[in-house]
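Structural overview for review
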There are 2 protein chains.
Amino acid sequence: MFAEFETFIKTHTALCDDDIKLIRSRAIEKVVRRKELLLQEGEICRYKMFVSKGLVRTFCTRDDGSEHILQFSPQNSWTTDPESFDNLTPSHCNIDALERSELILWTKSDFDYLFANIPGLKAYSEKLVARNLYLVRKRVLSNISATAEEKYDEFIKNYPDVFSRVSLHMVASYLGVSLKTLSRIRQAQLIR
Amino acid sequence: MFAEFETFIKTHTALCDDDIKLIRSRAIEKVVRRKELLLQEGEICRYKMFVSKGLVRTFCTRDDGSEHILQFSPQNSWTTDPESFDNLTPSHCNIDALERSELILWTKSDFDYLFANIPGLKAYSEKLVARNLYLVRKRVLSNISATAEEKYDEFIKNYPDVFSRVSLHMVASYLGVSLKTLSRIRQAQLIR
DNA sequence: GCAAAACGAGGACATTTGACGTCATTTTTT
DNA sequence: AAAAAATGACGTCAAATGTCCTCGTTTTGC
């Protein structure tokens, strides 16, 4: 489980083996089965998580019970509720597994410690946050400017792997359109 | 012009007068009139900008000429195209002034230098990026889960000052709905 | 391996939203 | 001060989208 992480982090940073040993010393490994919750609304998100295998989603619910997906996190990606994690405030979202998944967890104090001792990790984390911001801004732009079909096509283009592993309900919930709309778009594309 | 910035930064950080002097030594002051462009699509966004007076917007255009507003930046806020600024890549958006505005500009190398010499400024900047991410994620959630009326009400609640200074076209363009839809919502709220 | 749940298409219908044009008023520009 | 542009409401019509439903198929969980 940690092996995947080690491979990943080595391709994204120039950390030495001692650094990685230190990171490992603080890591918690966790396996979750499909549908298992990693974070529940109202809780404080105690962990920043690396998904080494599987697929995880972050979603919020509304009063009417509808679910809205903020993020998919497949293998080799990070997930957490940044606001809750950084500020130790109750989260407004949920994280659960869409497939049996393997994760590595660190608390905020783990990361504070690691950042203080591994400058390269700190730099990597900053890059990650920055790139995250670029991506979310792009998503806002897509949200406010694109048609449903454009959003659907973009999603397939940007996340082909996720697309092939989740139901259309999930895609609809991520895009902010109804399943019916996706059905119609797919039908129209079939005819062409 | 720099006076407003000094007041602002002193309330948000614990920088000393020498730090501020250093920051000032790299700053460029700029006044723009209404409608003047600060960044044009295709250019590299050379500056991170502090708006000390006025109101500025970041927007993208589509092939059909439609404009979509990513961000309003009133006095005492920061603006830039983060991706273009960080990576020195051509920007996909435009920044222009909605009112006569006064700004302070720093280049990336200015900031690199200042960050290296003023740890408190670096820490402040990181907080800013993090908070930005929280906000943009909230906006995505709103985009994909709220009705047009909810988005409209949220906007007024979150940005009352901006709301009172921009046209409904601008609000519509920020929310990703048509002006007509806003008109209808306002009409319906009047009747209640 | 089997019962239960999830999945995705599709029909019917209501609602929301957008495109386009008009118009009176206000604001901006010169 | 006058001309030009922007503003925001509104009407009409068409298109897009959502809700609720059924139905056959696939997947999941025990």
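Here is a short report on the structure shown in this document.

Calculation notes
- One numbering rule holds for all chains: residues counted from 1, following each sequence as written.
- The naming scheme follows written order: chains are lettered A onward, ligands numbered 1 onward.
- Local features in this predicted model are restricted to residues whose pLDDT is 70 or higher, and side-chain atom pairs enter the listing and the counts only when it is 80 or higher, whereas totals over whole chains, interfaces and linings include all residues.
- Side-chain measures were taken over the full set of non-hydrogen atoms in the model, leaving aside hydrogen atoms and water.
- Here a pair means two rings of Phe, Tyr or Trp (six-membered ring of Trp) with centres within 6.5 Å. Their orientation is stacked below 30 degrees between planes, edge-to-face above 60, and tilted elsewhere.
- Either the NZ atom of lysine or the CZ atom of arginine qualifies as a charge over a ring when it sits within 6 Å of the ring centre and within 35 degrees of the ring normal.
- To superpose the copies, least squares is applied to the C-alpha atoms of every residue with a pLDDT of at least 70 in both.
- Residue contacts are defined here by distance: any two heavy atoms, one from each residue, within 4.5 Å place the two residues in contact.
- We define buried area as the total accessible area lost by two parts upon association, computed with a 1.4 Å probe and summed across both.
- By salt bridge we mean one thing: a side-chain nitrogen of Lys or Arg within 4 Å of a carboxyl oxygen of Asp or Glu.
- Here a residue is near a molecule or strand as soon as one of its heavy atoms is found within 4 Å of it.
- Under the rule applied, a polar contact is a pair of N or O atoms within 3.5 Å (in protein, one hydrogen donor and one hydrogen acceptor; residues adjacent in sequence only if both atoms are side-chain atoms).
- Only DSSP runs of H or I covering at least 4 residues are called helices, and only runs of E covering at least 2 are called strands; the numbering of each starts at the N terminus.
- For this scheme, ten residues count as nonpolar: Ala, Val, Leu, Ile, Met, Phe, Trp, Tyr, Cys and Pro. Four count as charged, namely Asp, Glu, Lys and Arg, and the remainder, Gly too, count as polar.

1. Side note on the packing of aromatic side chains
For the structure shown, the criterion picks out 36 aromatic pairs over all chains. Their ring planes at 45 degrees and their centres at 5.5 Å tell us that Phe155 of chain B and Tyr159 of chain B sit as a pair that is tilted. One Lys or Arg, Lys48 of chain A, reaches over the ring of Phe111 of chain A and ends 5.0 Å from the middle of that ring. Residue placement shows Arg57 of chain A over the ring face of Phe59 of chain A; its charged tip is 3.9 Å from the ring centre.

2. Some thoughts on the relation of the copies chain B and chain A
Once turned by 180 degrees and shifted 0.0 Å along the axis, chain B lies on chain A with an RMSD of 0.0 Å. Viewed as a symmetry operation, the transformation between the two copies matches a two-fold axis. Take the interface residues of chain B: 100% of them recur as interface residues in chain A, which is what a same-surface contact looks like.

3. Points about the interface of chain B and chain A
At the junction of the two partners, chain B supplies 34 residues and chain A supplies 34 residues. Here chain B packs against chain A, burying approximately 3,000 Å² in sum over the two surfaces, 60% of which is carbon and sulfur. Among the residues of chain B in contact with chain A, Tyr134, Arg137 and Ile144 of chain B are the three that bury the most area, contributing 25% of the side total. Applying the counting criterion to the chain B and chain A interface returns 6 salt bridges.

4. Things to note about the protein's contact with DNA strand D
Surrounding DNA strand D, one finds 15 residues, the nearest of these being Ser178, Thr181 and Arg184 of chain A together with Leu168 and Gln187 of chain B. Of all DNA strand D atoms lying within 4 Å of any protein atom, the proportion belonging to sugar or phosphate reaches 54%. Within the side chain of Ser178 of chain A, a nitrogen or oxygen atom sits 2.5 Å from a phosphate oxygen of DNA strand D. The separation between a phosphate oxygen of DNA strand D and a polar side-chain atom of Thr181 of chain A is 2.3 Å. When contributions to the surface near DNA strand D are tallied by element, the ones reaching two or more residues are α9 (179-191) of chain A together with α8 (168-175) and α9 (179-191) of chain B. A per-class count over the surface near DNA strand D returns 3 nonpolar, 6 polar and 6 charged.

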